[in-house]
Amino acid sequence: MTDVANPEQLLFATTTQTFLDKQASLTHVRGLHASGVSFQHEWWLRAAELGWTSLLVPEELGGGSVSGNGVADLALVAEQIGHTVAPGPLHPVSVVLAGLVEAPGGHEETIDALVSGAIVASWAVYEPTRPFAPLAAGATATTATRTDSGFRIDGAKDRVEAGAECDVVLVTAACDGAVRQFLVPTDAPGVTISPQKSVDMVKRYARVQFDGVQVGESAAVGGAAQTPELVGRQHQIALMLQCAELVGILESVLTMTSQWLADRHSFGRPLSSYQALKHRAADMKLWFEAARATTAGAVRAVAERSPAANLLASVAKAYVAERAPVILQDCVQLHGGIGVTWEHDLHLYLRRVALYRAMFGSPEDHHRIVYSLSRKTEATA
């Protein structure tokens, strides 16, 4: 587990781990998959009671964190979730809250409901068949047209996490030549939700269609000038959560593989005694520690709202999401034939890793972002 800053944070992390071990084990994940269920709302209410949903919300809005550093605490939760690839809408709810708390005017009731776990929200940001590009007005086919009472939303979004389970979505849409964000209830007239398949066992996504959906003036989150900053902050939180969870996944898989190599014998010797396998294990350990370090750097920068936060978040996503599938594939090979069976748990982790590699920009996309931001830094130096 990542080092914690104080006893309160350690208690929070330990309580979270105990809850996940009892209520979100790998057996539980398999059971949800067999039942065709993404997560249980009663389970999410208990998670909210533990404080997962309040970490990014300031105290004046009903939130707070045990350590005073909500971003770091949230990263700890995500890392713990990675140990059992647990279900639940931690990512979409946190990303939506990251935007709402920056422009809370008129959305206090929604923030309260999200913090309590009474409702679930998701970020509807992906245009069908298009890559992640939320601030490209020309590439945003979803539109928000002004009306006498507010706005009319038209268009479609896909890859909306927990889309069929959420109560409200935060939609990016082109409005008056700029990108804006709007809170839209999923039960509003004109909203149609179609489930989409996912490689993950319990993570579910959906296509959300908006056909003349009427929302009030208060549905807008922030102004046009503020939206780029809001979306940027939400993207940072999304990437930080992905990388933190991937670190938790890698830690569990490497522990599992190390134990297998020690227990499994060949020609009277444990597999871990063979030099070639020692070298592969050493390489994976090196890559893992680098993944944990880059993620820690991104978490710190996002928490401190550093000017380098965008750069470090992309560095983390580029590295961690690139190395994680390689490490998982190595672990599968080191397990031998059993590693590719349905009964073994390795594929549960591999599925989550494959999903996160693609969402919110691939490693290749973030390599290009790192290059672009580095060029700008050099130019201003």
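As named in an unreviewed UniProt entry, the chain is Acyl-CoA dehydrogenase domain-containing protein, taken from Mycolicibacterium aurum. Under Cofactor (unreviewed entry), UniProt gives the following word-for-word description of the chain: "FAD". If you open the UniProt record of the chain and go to Sequence similarities (unreviewed entry), you find "Belongs to the acyl-CoA dehydrogenase family."

Draft legend 1. Here's a closer look at the overall build of the chain. What the chain contains, in helices and strands, is 11 helices and nine strands. In terms of principal-axis extent, the alpha carbons of the chain reach across some 80 × 55 × 45 Å. Looking at the 381 residues of the chain, the share that counts as buried comes to 51%. Counted over contacts in the chain with a minimum sequence separation of 6, partners at least 24 positions apart contribute 74%. Per element, the accessible surface of the chain, about 16,100 Å² overall, is 55% carbon and sulfur. Here the chain contributes 30 positive and 39 negative side-chain charges, whose respective centroids are spaced 9 Å apart.

Draft legend 2. Here's a closer look at the nonpolar core. Within the largest apolar cluster, 115 residues are counted, with the highest numbers of intra-cluster contacts made by W52, V184 and I237. Take this core: its biggest share by element is 16 residues, from helix α7 (residues 227-263). Once residues within four sequence positions are removed from consideration, I237 is found in contact with L56, V71, L74, S94, V95, A98 and V302.

Draft legend 3. Geometry of the UniProt feature "domain: Acyl-CoA dehydrogenase/oxidase N-terminal" (unreviewed entry) in the chain. Following the UniProt record, one finds the feature "domain: Acyl-CoA dehydrogenase/oxidase N-terminal" (unreviewed entry) at residues 7-88. In residues 7-88, the share of helix is 61% and the share of strand is 0%. The end C-alpha atoms are 27 Å apart.

Draft legend 4. Representation of the packing of helix α1 (residues 7-23) against helix α4 (residues 70-83). Running from N to C, α1 and α4 cross one another at 30°; their axes reach a closest spacing of 10 Å. The orientation of α1 relative to α4 falls into the category roughly parallel. Classified by chirality, the crossing of α4 by α1 is right-handed. Judged by residue contacts, Q9, F12, A13, T16, Q17 and L20 of α1 engage A72, D73, L76, V77, Q80 and I81 from α4.

Draft legend 5. Highlighting the UniProt feature "domain: Acyl-CoA dehydrogenase/oxidase C-terminal" (unreviewed entry) in the chain. Residues annotated by UniProt as "domain: Acyl-CoA dehydrogenase/oxidase C-terminal" (unreviewed entry) correspond here to residues 242-370. Annotated as residues 242-370, this span is 77% helix and 3% strand, and its ends, taken at the C-alpha atoms, are 17 Å apart.

Draft legend 6. The packing of aromatic side chains, seen in detail. In the structure shown here, the tally under the stated rule is 10 aromatic pairs. On the basis of an interplanar angle of 25° and a centroid distance of 6.0 Å, the ring pair of W123 and F360 is categorised as stacked. With W123 in strand β1 (residues 121-124) and F360 in the loop between α10 (346-358) and α11 (363-380), the pair connects residues that are 237 residues apart, well separated along the chain. Assigned by exposure class, W123 and F360 land together as buried. The cationic tip of R323 hangs over the ring face of W287; the distance from NZ or CZ to the ring centre is 4.0 Å.

Draft legend 7. Quick look at the packing of helix α8 (residues 275-303) against helix α9 (residues 309-335). Axis separation between α8 and α9 bottoms out at 9 Å; the angle between their running directions is 155°. The orientation of α8 with respect to α9, classified from their angle, is roughly antiparallel. Along this stretch, α8 crosses α9, giving a crossing that reads as left-handed. By residue class, the composition of the contact of α8 with α9 is 20 nonpolar, four polar and three charged.

Draft legend 8. Examining the side chain of T142 more closely. Note that T142 resides in the loop between β1 and β2 (143-146). Here the side chain of T142 touches E127 through a polar contact of 3.0 Å, side chain to side chain. Excluding residues within four positions of it along the chain, T142 makes contact with E127, I153, D154, G155, A156, K157, V171, T172, A173 and A174.

Draft legend 9. Molecular detail of the pattern of salt bridges. Under the criterion given, the structure shown has 15 salt bridges. A salt bridge links R352 to E245, with the nearest nitrogen and oxygen atoms 2.5 Å apart. Of this pair, R352 sits in helix α10 while E245 sits in helix α7, and the two are 107 residues apart along the sequence. The same class applies to R352 and to E245, which are both buried. Residue R280 pairs with D330 through a salt bridge whose shortest N-O separation is 3.0 Å. Linking R280 in helix α8 with D330 in helix α9, this pair joins segments that are 50 residues apart in sequence. When its relative accessible area of 15% is taken as the criterion, D330 is described as buried. The network of salt bridges with common partners includes R146, D176 and E217.

Draft legend 10. Broad picture of the environment of M240. Structurally, the position occupied by M240 is in helix α7. For M240, a relative accessible area of 3% gives the class buried. Put simply, M240 and L312 are 72 residues apart on the chain and 9.7 Å apart in space, counted from C-alpha to C-alpha. If we skip the residues at most four places from it in the chain, M240 touches V71, L74, A75 and V299.

Definitions and limits used
- Residues numbered from 1 in each chain as written.
- Predicted model: local features only at pLDDT ≥ 70, side-chain atom pairs only at ≥ 80, totals over all residues.
- Heavy atoms only, no water.
- UniProt positions renumbered as here; feature names shortened; annotations may be inferred.
- Helix = DSSP H or I, 4+ residues; strand = E, 2+ residues; numbered from the N terminus.
- Buried < 20%, exposed > 50% of the residue type's maximum accessible area, 1.4 Å probe, protein only.
- Contact = heavy atoms within 4.5 Å.
- Areas by Shrake-Rupley, 256 points an atom, 1.4 Å probe, with all protein chains shown as cover.
- Lys, Arg positive; Asp, Glu negative; His and termini not counted.
- Charge placed at Lys NZ, Arg CZ, Asp CG, Glu CD.
- Core = buried A, V, L, I, M, F, W, Y, C linked by side-chain atoms within 4.5 Å.
- Axes fitted to C-alpha atoms, helices over the stretch in contact; angles between N-to-C directions.
- Parallel < 35°, antiparallel > 145°, perpendicular 65-115°, else oblique.
- Left-handed = near helix turned anticlockwise from the far one by under 90°.
- Phe/Tyr/Trp six-rings, centres within 6.5 Å; stacked < 30°, edge-to-face > 60°.
- Lys NZ or Arg CZ within 6 Å of the ring centre and 35° of its normal.
- Nonpolar A, V, L, I, M, F, W, Y, C, P; charged D, E, K, R; others polar.
- Polar contact = N/O pair within 3.5 Å; in protein donor to acceptor, adjacent residues only side chain to side chain.
- Salt bridge = Lys/Arg side-chain N within 4 Å of Asp/Glu carboxyl O.

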